[in-house]
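Chain by chain, the residues:
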Amino acid sequence: MKNNIRGGNAPIACQLEVDKNYAWCSCGHSTDQPFCNGNHKKAGGSPPIIFCVEETKEAYLCTCKQTNNPPYCDGSHNN
Ligand code: FES
């Protein structure tokens, strides 16, 4: 079982650029939410999810790590 925690309680609006690779923190330990800063290694958390977008856009990325649609917020932070 990975040592994952909530990284926040609300999504963060991010400007995402086309064809750039992003590493979304899935463990909650990053202090650079919603992105990975490598803290999962010492915390024993799950590794980041690498993703890119097909068009430049603003998106709300999950920080609570409860989403069923990572890296995007799906409202699960309210549960
Ligand atoms: S911040 Fe995680 S579901 Fe909204």
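Everything that follows concerns the structure shown earlier in this document.
Every value quoted in this text rests on a predicted model; they were computed, and no experiment measured them.

1. Considering the environment of Ser-76
Next, step 1: Relative to the helices and strands, Ser-76 resides in the segment after β4 (57-61).
Next, step 2: Residue class for Ser-76 comes out buried when judged on its relative accessible area of 8%.
Next, step 3: Considered as a pair, Ser-76 and Lys-20 are 56 residues apart in the sequence and their alpha carbons are 27 Å apart.
Next, step 4: At a separation of 2.6 Å, a polar atom in the side chain of Ser-76 contacts the side chain of Asp-74.

2. As for the environment of His-40
Next, step 1: Looking at the element boundaries, His-40 is found in helix α1 (residues 40-43).
Next, step 2: Residue classification places His-40 among the buried residues on the basis of a relative accessible area of 14%.
Next, step 3: With 36 residues separating them in the primary sequence, His-40 and Asn-4 have C-alpha atoms 8.4 Å apart.
Next, step 4: Ignoring any residue separated from it by four or fewer positions in sequence, one finds His-40 in contact with Cys-27, Gly-45, Ser-46, Pro-47 and Pro-48.

3. Describing the environment of Ala-23
Next, step 1: You can see Ala-23 is positioned in strand β2 (residues 22-24).
Next, step 2: The exposure class assigned to Ala-23 is partly exposed, which follows from its relative accessible area of 24%.
Next, step 3: Placed 16 residues apart in sequence, Ala-23 and Gly-7 show a C-alpha to C-alpha distance of 14 Å.
Next, step 4: With residues up to four places along the chain from it excluded, the contact list for Ala-23 reads Pro-34, Phe-35, Cys-36, Pro-48, Ile-49 and Ile-50.

4. Some thoughts on the nonpolar core
Next, step 1: Cys-14, Leu-16, Tyr-22, Trp-24, Phe-35, Phe-51, Val-53, Ala-59, Leu-61, Cys-62 and Cys-64 together form the largest nonpolar core, which totals 11 residues.
Next, step 2: For this core, the secondary structure elements donating two or more residues are β1 (12-16), β2 and β4.

5. Overview of the state of the cysteines
Joining two cysteines, a disulfide is a covalent bond between their sulfur atoms.
Next, step 1: Applying the stated criterion across every chain, the model contains zero disulfides.
Next, step 2: A disulfide-free cysteine, Cys-27 has its sulfur positioned 4.0 Å from the sulfur of Cys-25, the nearest such atom.
Next, step 3: Free cysteine: Cys-36, not disulfide-bonded; nearest cysteine sulfur from Cys-25 at 6.4 Å.

The rules behind each value
- Residues numbered from 1 in each chain as written.
- Predicted model: local features only at pLDDT ≥ 70, side-chain atom pairs only at ≥ 80, totals over all residues.
- Heavy atoms only, no water.
- Helix = DSSP H or I, 4+ residues; strand = E, 2+ residues; numbered from the N terminus.
- Buried < 20%, exposed > 50% of the residue type's maximum accessible area, 1.4 Å probe, protein only.
- Polar contact = N/O pair within 3.5 Å; in protein donor to acceptor, adjacent residues only side chain to side chain.
- Contact = heavy atoms within 4.5 Å.
- Core = buried A, V, L, I, M, F, W, Y, C linked by side-chain atoms within 4.5 Å.
- Disulfide = S-S within 2.5 Å.

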